[in-house]
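# A look at the structure
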Amino acid sequence: MPTNKKSALKKESLVKDIKKDIKEKVKEKKKRETFQSVKGIREILPEEEFWWDKFEKAVKKTAQFYNFRRIETGIVEQAGLFEKSLGDEVVNKEMFFLKSGGGKWVLRPEGTAPTARAYLQYGFSKLTQPVKLYYFGPMFRYENPQAGRYRQFYQAGFEIIGGENDAIFDAQTILGAWRFFEYVGLKDVEMKLNSIGCRSCRINITKRLVNYFKSKKKKLCKDCDRRLVENPLRILDCKKEECKEVAEGAPIFLDGLCSQCRIHFKNVLEYLEELKISYEIDNTLVRGLDYYNRTVFDFFYKGGEGKKLAIGGGGRYDYLMEMIGGRPTPACGFSLGVERVIEALKDKKGDMGEKKRSSVFFIHVGEVAKKRGLCLIEELRSAGIQVVESLSKSSLSKQLKLADKAKVELALIFGQKEVYEESVIIKNLKNGIQEVVPISKMVNQVKKKIK
Ligand code: HAM
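Residues numbered from 1 in each chain as written. Predicted model: local features only at pLDDT ≥ 70, side-chain atom pairs only at ≥ 80, totals over all residues. Heavy atoms only, no water.

Right, let's talk about the sheet that holds strand β13 (residues 387-389) for a bit. Spatially, β13-β12-β14-β15-β16 is the arrangement adopted by the 5 strands of the open sheet, whose pairing is mixed. On the outer flanks of this sheet lie β13 and β16 (434-438), each paired with one strand and no other. Looking at each pair of strands side by side, their axes are set apart by 30 degrees on average, direction ignored. Against the sheet, helix α16 (residues 442-449) contacts β12 (360-364), β14 (410-414), β15 (423-428) and β16, and its axis sits at roughly 145 degrees relative to β16. (Pairing = 2+ DSSP bridges. Helix = DSSP H or I, 4+ residues; strand = E, 2+ residues; numbered from the N terminus. Axes fitted to C-alpha atoms, helices over the stretch in contact; angles between N-to-C directions. Contact = heavy atoms within 4.5 Å.)

The following block contains the structure:
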């Protein structure tokens, strides 16, 4: 073969190889795996910090005001705890089961049963009764995610366990929630209230309901058809429009209450009136968890454009301890859905609640100023001044751009000359006025200017 042809062929095959190489690289890049958060898992992002802080502060203040003490139970619990206390609807449809290690564990779907379990496990019945506990943490429900409904969400809960079976505790529980709404600054809250009676009046109530629902069987959804046999009370809780309509005509709970439950509910209402807490009795309110008896309630936020959010709820659960192996123990409590309360707060105020946090931007010029700046920034922060810095950047213009982005009022400029003279420049970024102050007076001067 002539040398010319040979070298042309060589060139061609080289180009082919390069092209192949490029193709492979592009393919590989496309294949590179990236990850997303899991569906329904609501994460807390930095821009929401203000709201979460506000919520947590209000929880703490409420707890301190009424002497609740904090408890944080494990996120993983034995499945049996919830199987015994919440009812099949939640257990079969909404629980995250964990398979590792051969045990039957779940991610907790709520905080009341774990708190009751801890009360038994740690012998809290030996303490002065009732025991008042509160918690704040993530819960997990395998629900269909949609706006305001997540598979991981946070709850803050308050529980009063033990003591007498006195309606005063139901009222004090609700008062706690009211105090929280006041602390967090949420005014447009509505409370719906009902009594679902005790075991003995429940038999009577269930009979009446079954007779009524049987007469309307054709109008009920498939799930409620099953509920009619397994748990007729739950039909009242169905969110389907056709079932809601049927529920509206159902026999009234309060008519079926035994005399003790009737007196209990009457007392709750009287205490609420004394406290000037407004409520609306809702005959169809049963709440979705099996452990409730007597008083049950839901809190709703009502915003503009017909917005209605179930932001919390609770009630009495006198049988829960027995359900999970303890002695009969009166108890009541409530939990708040953190994301939903925050959504309500944002709806009310718009997104303007966030306070400007950073007060000064520290700008350094040169290596010596960078090193010395480390301690100056510490000094400012120790004095309670919020400092934004960018010590890793050496370019002055880049630092100025960042200061502008941070929307701070003051910049502290520290260069070679200032290091030598033991001074710092304080520059007002709004009007451009700057002054040189000795380092010994830096903290005081900055504090005066950011007041
Ligand atoms: P709950 O009604 O199931 O009650 O939940 C309380 C609140 O948690 C709801 O009103 C709602 O704001 C929020 N929540 C519930 N599920 C979700 C979800 N999937 N996504 C976002 N937020 C949600 C309980 O959990 C009882 N432990 C309350 C209680 C305490 N009863 C007595 N003591």
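Still more to cover.
Quick look at the packing of aromatic side chains now. For the coordinates displayed, the defined rule picks out 25 aromatic pairs. Seen in terms of ring centroids, Tyr119 and Phe124 are 6.3 Å apart; in terms of plane orientation they differ by 90 degrees. Their pairing is edge-to-face. Accessibility expressed as a relative area gives 3% for Tyr119, which makes it buried. Over the ring of Tyr142 we find Arg151; its NZ or CZ atom is 4.0 Å from the centre of that ring. In this structure, Arg199 is placed above the aromatic ring of Tyr319, and the distance from its NZ or CZ to the ring centre is 3.8 Å. (Phe/Tyr/Trp six-rings, centres within 6.5 Å; stacked < 30°, edge-to-face > 60°. Buried < 20%, exposed > 50% of the residue type's maximum accessible area, 1.4 Å probe, protein only. Lys NZ or Arg CZ within 6 Å of the ring centre and 35° of its normal.)

The next thing to look at is the sheet that holds strand β2 (residues 76-78). Either a parallel or an antiparallel arrangement is found when strands of a sheet pair, and the pairing is made through backbone hydrogen bonds. The antiparallel open sheet is built from 3 strands, whose spatial order is β2-β4-β3. Of all strands in the sheet, those with a lone pairing partner are β2 and β3 (96-98), marking the two edges. Here the average twist between neighbouring strands, direction ignored, is 40 degrees. One ladder, built from 3 bridges, connects β3 with strand β4 (residues 105-107); its direction is antiparallel.

This part covers the domain arrangement of the chain. Partitioning the chain into structural domains gives domain 1 (46-198 + 258-348) and domain 2 (359-450). Placing the centre of domain 1 and that of domain 2 at their C-alpha centroids yields a distance of 48 Å. (Domains from an automatic or database assignment.)

So, about the site of the ligand. Near the ligand you find 25 residues, and of these Glu110, Thr112, Glu143, Arg287 and Tyr292 are the closest. A distance of 2.8 Å separates a nitrogen atom of the ligand from a polar atom in the side chain of Glu159. Between the ligand and the protein, one listed contact pairs a nitrogen atom with a side-chain N or O atom of Ser335 at 3.5 Å. Secondary structure elements with two or more residues in the shell around the ligand: β6 (152-161), β10 (308-316) and β11 (331-337). Of all the elements, β10 adds the most residues to the shell around the ligand, at 5 residues. Class assignment of the residues belonging to the shell around the ligand gives a composition of 9 nonpolar, 9 polar and 7 charged. (Near = heavy atom within 4 Å. Polar contact = N/O pair within 3.5 Å; in protein donor to acceptor, adjacent residues only side chain to side chain. Nonpolar A, V, L, I, M, F, W, Y, C, P; charged D, E, K, R; others polar.)

On to the packing of helix α2 (residues 49-65) against helix α12 (residues 338-349), then. Viewed as axis vectors pointing N to C, α2 and α12 meet at an angle of 115 degrees, and their least axial separation amounts to 10 Å. In terms of orientation, α2 and α12 fall into the roughly perpendicular class. For the pair α2 and α12, the crossing hand works out as right-handed. Taken together, the residues of α12 that come into contact with α2 (itself represented by Trp51, Trp52, Lys54 and Phe55) are Val338, Glu339, Val341, Ile342, Leu345, Lys346 and Lys349. Residue composition of the contact of α2 with α12, by class: 7 nonpolar, no polar and 4 charged. (Parallel < 35°, antiparallel > 145°, perpendicular 65-115°, else oblique. Left-handed = near helix turned anticlockwise from the far one by under 90°.)

To continue, consider helix α6 (residues 167-184). Counting along an α-helix, one turn takes 3.6 residues, and residues three or four places apart therefore face a common direction. Look at α6: 26 Å from first C-alpha to last across 18 residues, which is about the 26 Å you get at 1.5 Å a residue. Note on α6: the residue one or two positions beyond its end, Gly185, has a positive phi of about 85 degrees. (Expected span 1.5 Å × (residues − 1).)

Inspection of the entire model under this criterion finds 26 salt bridges. Ionic pairing is found between Arg117 and Glu77, a salt bridge with its closest N-O pair at 2.5 Å. Here the residue Arg117 occupies a position in helix α5 (residues 112-121), and Glu77 occupies one in strand β2, the gap between them amounting to 40 residues. Ionic pairing is found between Glu230 and Arg226, a salt bridge with its closest N-O pair at 3.1 Å. Residue Glu230 and its partner Arg226 are both found in helix α8 (residues 222-230); the two are separated by 4 residues, about one turn of the helix. For Arg226, a relative accessible area of 29% translates into the label partly exposed. In the salt-bridge network here, residues are joined through shared partners; they are Lys93, Asp223, Arg226 and Glu230. (Salt bridge = Lys/Arg side-chain N within 4 Å of Asp/Glu carboxyl O.)

Here we come to the pairing of strand β9 (residues 293-302). Each regular strand shows side chains that alternate between the opposite faces of the sheet. Among the 10 residues of β9, 9 are classified as buried, and the element is accordingly described as predominantly covered. When strand β7 (residues 189-195) meets β9, the two strands line up antiparallel, connected through 7 bridges. The residue of β9 that forms the bridge with Lys192 is Asp298. In this structure, β9 lies alongside β10, joined through 8 bridges in antiparallel fashion. Bridge pairing in β10 links Val296 to Gly315.

We now examine the pairing of β11. Along β11, 7 of the 7 residues are buried, which leaves the element largely enclosed by surrounding structure. The alternating pattern of β11 places Ala331, Gly333, Ser335 and Gly337 and Cys332, Phe334 and Leu336 on opposite faces, both of which are buried. Two strands pair when backbone bridges link them, and β6 and β11 are joined in this way by 7 bridges, in the antiparallel orientation. Residue pairing in the sheet places Glu159 in a bridge with Gly333 of β11. Pairing between β10 and β11: 5 bridges, direction antiparallel. The residue of β11 that forms the bridge with Gly313 is Ser335.

Here we take up the packing of α2 against α6. Where α2 contacts α6, the two axes come as close as 9 Å, and the packing angle between them is 140 degrees. One element, α2, and the other, α6, form an angle in the oblique class. Of the two elements, α2 crosses α6, and the hand of that crossing is right-handed. For the pair formed by α2 and α6, the contact residues are Lys54, Phe55, Ala58, Val59, Lys61, Thr62 and Phe65 on the first element and Gly176, Arg179, Phe180, Tyr183 and Val184 on the second. Across the contact of α2 with α6, the residue classes break down as 7 nonpolar, 2 polar and 3 charged.

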